[in-house]
Each structure stands twice: as structure tokens, then as C-alpha cells.
Amino acid sequence: MNASLNEKLSSVKWGEYSIGDLFQRIDTIKLSYKADELPKRAKGQYILPCLTSSFNNQGLNYYTRRDGATILKNVISIPSNSDVYRAYYQPREFTVLSDAYAICWKDDNREITANQYLFMVMCINKVTNLPIYSYKNKLGGWNVVRNKRIQLPQKNGEIDFDFMESFIAELESEHIAKLGAYLTVSGLDNYELSQEEEKAIADYESLNWDSYNLEALFGKSTRGERLKSEDRIMGTLPFVTAGEAEEGVSAFIGNKVKVFEKNTTTIDMFGSAKYRNFRYGADDHIAVVHTEALSMKAAIFVASAIHKAAHTGKFDYGHNFYPKDADTLDIMLPTKDGEPDYQVMALLISAIQKQVIKDVVKYSNAKVNVTKEVASDE
């Protein structure tokens, strides 16, 4: 955050408000589906995102039919049964499935903008998204959250909505400018596919696939070491534990622990696999697959294949995934001449990356141009 924005925050006057005085919980029709009965991608008539307690994709990880569902948008969602109680602004249509709820501004005489909602979400998370709350030490539902008190900017004794609007707009402009600079310096602003990448995509449907055992490919997996929260010393080494928040990095430590190399893949106790492009420590609920000999993009492809094979719902708190499970895990990979075709894997990941970056670059450029036009009019 630049000095100008920091100065604005430090000079603003703040007032304290009860969440329940500002927001109301939205009643929704209870759906008859369970999460595992619904697709994780939009399919056929199942096109409406469903809200659960997950913090992946802002809690929207399943899809249901629109008929019979309470359709919401431009509201704030909050989990009610989770490891992480992070609120999100939801600008697009969705419905509530389970273990979460939505709240909206209580005063019908004022329409809250997206920027104002985003600002207030940050304020709400300061009292709900705290390390003390977890699945074992729950925050509670709306009956608890509604009594939490948050700080909001004030002007002349009233909530300063104009400040919230301008602050988020400036913050967005700052991040967009940094994003554009990063894309240029890193070379990621070049999103034109090479001939090899175009061919890899065109030939995808005709690829030959085969099953490969993880231990046969990468040797025995390694287990992390137990390190209790109270024994962790603050430092700079990322420490990986089970969970999706912050990609499983729960702390940065200074303890002397086993350090795993970058370009490896972790699998947590639930079977969730993630590629790591940095050196890290890990607790005893983490299995490490030693993919470091692969190129980065091939290793990313392999990590995705591992996730697909391991994260099936078979593993949970009562039945953990361990390194021995990784050693017996079989994954599907493109094959050529009886061996994994790591070259085509790397090309496919490179092509996918460029396709994603293309939209990001266009969005970044459009935002920068809008900001320049506004600045020139002032």
C-alpha cells in the first residue's frame, strides 16, 4: 500500500458499530442436495454456484439448478462451520448450500456499492477471520457474529461511504499498476501461443494416457515433522500444514526443521496436492513427492494429476492420507514410447498459463486506461 493510502487510513476518524445493526441475515430455501451429489463444474442445468463453508473460490465450489433455489448477489457471505471464518463479497449470482449464510445491508434507503461492500468485508474479517477460531473452536453463527463490533470510517458523525468508495478505487488502481509492471518484467505479458503450444492443445484429445505409480516415478515420499503451534519460532521459512487457506502455509518459522526443496509436491491429510515453487518445512500430516528433477511446468502438471487421484473424498480426519498412500498411488499421465511425456505436459501447462494471462493482461490494460482517462478529466 502506498504512502498516500496509508496517510488516508491514519487520518480518518473511526466509529464503532454492531454488525447486526448494519446488516441482516438473508433467509434462504434449504436445498435438498448434499455437496457430494452436485458437480464441481457448471454442467447442463447445474449452473448456479453453491455456497459452502470452504474458502476455496470464495466458498463457491459446487453447482446446482436455479429452480427452487434462493438466488443471491451483491451480498456478503460468511461461513458458519469452518476452519477459517473469512467473509467474502459475492458480486455474482449464487445460492446457499450448507454451513454458511449471506448478509446484506439493512437500510433499504441506501444502496451499497461493490467498493463499499469490499471495504466493509475487510472490517468484518478483522473480528471474524482470527487464528483463535477453527473447526474445533468455532466462531458461531449469525447469533454470535451479529453482536461483533466493527470499526468504520466516519464523517460528521455518520458512516463515510465516500471514503470507502474512493479508498477501494485507489487501492485497486495501485494493485493493477503493480500487476501490469510485474507482467511486463516477468515476460508474462507475452500471451501469444507458440506453434508447439498450439499443437499440444490441438492434439490433446488424441493423446495417449497411461497409469504410473508415484513411487516408481519419484521414489518414496517423505513425511514432514510434527511441530506444535506453541513451539513455533517466528522466522522466514514457510511451514506447510493441512488445509486450503494460504495454500496450506500456516506460518513462517525459524525452527530447525527438515527443509524440502522447491519444485516438489505436497499432499495433505485430505489428499489435496499442491505444487511448491519454494523451499519449505512441513508437519507430519504432509507427504512430499519428490518431483524436483522435472521442469517446473511438467511438475505442475504432475501435481494436478496427483490431486485428481488422491483428493477423492476418501481421506478425512478419521482416515488420513500418509506417505505410504502416496507410494501406492497411481496417476494418469500422457505417455510416449512407454514413458511419461513430460515435454507435452510442460507445453500444455505453458499454453494454459498464457490463456489465463491473456485475460489478466487485457483486464489490467483496460483498468489502467480507465484510470488514465479519469485522471486526465480531473
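Read on for a plain summary of the structure.

### Looking at the overall build of the protein
When helices and strands are tallied, the protein shows ten helices and 20 strands. Taking 378 residues into account, the globule formula puts the C-alpha radius of gyration at 21 Å, and the protein, at 23 Å, falls close to it. Expressed as a percentage of its 378 residues, the buried residues of the protein come to 44%. Sequence-distant contacts in the protein: of pairs separated by 6 or more residues, those separated by 24 or more amount to 68%.

### Some remarks on the packing of helix H3 (residues 114–128) against helix H5 (residues 161–186)
Two numbers describe how H3 lies on H5: the axes approach to 8 Å, and their chain directions differ by 90°. With respect to their mutual orientation, H3 and H5 come out roughly perpendicular. Residues Asn-115, Gln-116, Leu-118, Phe-119, Met-120 and Met-122 of H3 touch H5, and the partners they reach there are Phe-161, Phe-163, Met-164, Glu-165, Phe-167, Ile-168 and Ala-169. Here the contact of H3 with H5 is built from residues that sort into ten nonpolar, two polar and one charged.

### Here we look at the pairing of strand S4 (residues 60–64)
The buried count for S4 comes to five of five residues, which makes it a mostly enclosed element. Across four bridges, strand S3 (residues 48–51) lies against S4 in antiparallel orientation. Following the sheet pairing, Pro-49 is matched in S4 by Tyr-63.

### Some points on the nonpolar core
Phe-23, Ile-76, Trp-105 and Leu-152 are the most contacted members of the largest nonpolar core, which has 45 residues in total. Where this core is concerned, the elements lending two or more residues are helix H2 (19–22), strand S5 (75–79), strand S8 (100–105), H3, helix H4 (142–145), strand S9 (149–155) and H5. Here this core takes seven residues from H3, the largest share from any one element. Among residues more than four places away in sequence, those in contact with Trp-105 are Leu-22, Phe-23, Arg-110, Ile-112, Tyr-117, Met-120, Ile-159 and Phe-161. Counting 30 residues, the second-largest nonpolar core is a separate cluster that includes Ala-287, Leu-294, Ala-299 and Leu-329.

### Digging into H5
An ideal rise of 1.5 Å per residue puts 38 Å on 26 residues; H5 measures up with 37 Å between its terminal C-alpha atoms. Every buried residue of H5 is listed here: Phe-161, Phe-163, Met-164, Phe-167, Ile-168, Leu-171, Glu-174, Ile-176 and Leu-183. The distance from a side-chain oxygen at the start of H5 to the backbone nitrogen of Asp-162 is 3.4 Å, and the residue carrying that oxygen is Asp-160. Just past H5, the residue Gly-187 takes up positive phi, approximately 80°.

### Some words on a nonpolar patch on the surface
Together, Tyr-204, Trp-209 and Met-332 line one region of the surface with nonpolar side chains, adding up to about 290 Å² of accessible area. Position of Trp-209 relative to the elements: it lies in strand S11 (residues 209–213). Classification of Trp-209 as partly exposed rests on a relative accessible area of 34%.

### Some details on the environment of Thr-312
Looking at the secondary structure, you find Thr-312 in the loop between helix H8 (296–310) and helix H9 (323–327). Take Thr-312: its relative accessible area is 51%, and that puts it in the exposed class. Each C-alpha atom, one on Thr-312 and one on Phe-270, is 8.8 Å from the other, the two residues being 42 residues apart in sequence.

### Some points on empty space enclosed by the protein
By the definition in use, this model includes two cavities of 30 Å³ or more. Quantified by volume, the largest cavity comes out at close to 40 Å³. Together, Leu-51, Thr-52, Ser-54, Gln-58, Gly-59, Ser-77, Ile-78, Pro-79, Arg-86, Tyr-88 and Ala-100 line the largest cavity. Broken down by class, the residue content of the lining of the largest cavity amounts to five nonpolar, five polar and one charged.

### A look at the sheet that holds S4
Strand order across the open sheet formed by three strands is S4-S3-S7, with mixed pairing between neighbours. Edge positions in the sheet fall to S4 and strand S7 (95–96), since each has one partner strand and no second. Bridge analysis of S3 against S7 gives two bridges, and the strand direction is parallel. Bridge assignment links Leu-51 to a residue of S7, and that residue is Val-96.

### Focus: the sheet that holds strand S16 (residues 273–276)
Judged by pairing direction, the sheet is antiparallel, and its four strands sit side by side in the order S12-S18-S15-S16 without closing on themselves. In this open sheet, the two edge strands, each paired with only one partner strand, are strand S12 (222–223) and S16. As defined by bridge partners, S12 adjoins strand S18 (residues 287–289) across two bridges and the pair is classed as antiparallel. For Thr-222, the partnering residue across the bridge sits in S18 and is Val-288.

### Some thoughts on the side chain of Ser-77
Mapped onto the elements of the fold, Ser-77 is located in strand S5. For Ser-77, a relative accessible area of 2% translates into the label buried. In terms of polar contacts, Ser-77 uses its side chain to reach the side chain of Gln-90, at 2.9 Å.

### Here's the deal with the layout of surface pockets
Considered as a void within the structure, the second largest pocket measures approximately 730 Å³ in volume. In terms of lining, the second largest pocket is formed by 24 residues, of which the most central are Gln-58, Tyr-89, Pro-91, Arg-92 and Leu-118. Listed by contribution, the elements that provide at least two residues to the lining of the second largest pocket are S4, strand S6 (88–90), H3 and H5. For the lining of the second largest pocket, the residue count by class is 14 nonpolar, six polar and four charged.

The rules behind the values
- Position numbers for residues start from 1 in each chain and track the written sequence from start to end.
- The model is predicted, so local features are restricted to residues of pLDDT at least 70 and side-chain atom pairs to those at 80 or more, both for listing and for counting; the totals for chains, interfaces and linings are taken over all residues.
- Side-chain measures were taken over the full set of non-hydrogen atoms in the model, leaving aside hydrogen atoms and water.
- Here a helix means four or more residues in a row that DSSP labels H or I, a strand means two or more in a row labelled E, and each is numbered from the N terminus.
- Computation of the radius of gyration draws on C-alpha atoms alone. For the globule rule, the value is 2.2 Å times the number of residues to the power 0.38.
- Think of it in three bands: with a 1.4 Å probe and only protein chains considered, a residue is buried below 20% of the maximum accessible area for its type, exposed above 50%, and partly exposed in between.
- Any pair of residues with heavy atoms lying within 4.5 Å of one another is described as a contacting pair.
- Between N-to-C directions, angles cover 0 to 180 degrees, with each direction set by a line fitted to C-alpha atoms, over the stretch in contact for helices.
- Should an angle fall under 35 degrees it is called roughly parallel, over 145 degrees roughly antiparallel, and 65 to 115 degrees roughly perpendicular, with every other angle called oblique.
- Following the grouping adopted for this structure description, the nonpolar residues are Ala, Val, Leu, Ile, Met, Phe, Trp, Tyr, Cys and Pro, the charged ones are Asp, Glu, Lys and Arg, and the polar ones are all others, Gly among them.
- At least two DSSP bridges between two strands are required for those strands to pair.
- In this description, a nonpolar core means a group of buried Ala, Val, Leu, Ile, Met, Phe, Trp, Tyr and Cys residues linked to one another through side-chain atoms lying within 4.5 Å.
- What a helix is expected to span follows from its residue count: subtract one and scale by 1.5 Å.
- Under this definition, polar contacts are N or O atom pairs within 3.5 Å; protein pairs additionally need one hydrogen-donor-capable and one acceptor-capable atom, and for neighbouring residues in sequence, both atoms have to be side-chain atoms.
- Patch members must show over 30% relative accessible area and no salt bridge, and they are joined within 9 Å when carrying like charges or within 5 Å when they are nonpolar side chains of Val, Leu, Ile, Met, Phe, Trp or Tyr.
- Throughout, the Shrake-Rupley method with a 1.4 Å probe supplies accessible areas, and for residues the shown protein chains are the sole cover considered.
- Each reported salt bridge corresponds to a side-chain nitrogen of Lys or Arg within 4 Å of a carboxyl oxygen of Asp or Glu.
- Using only the protein atoms, space was sampled on a 1 Å grid; points where a 1.4 Å probe fits but cannot get out form cavities, open sets with protein on both sides within 12 Å along at least five of seven lines form pockets, and lining residues are those with an atom within 4 Å of a point.
- Grid points are joined across faces, edges and corners, and a volume is the space filled by probe spheres set on the points.

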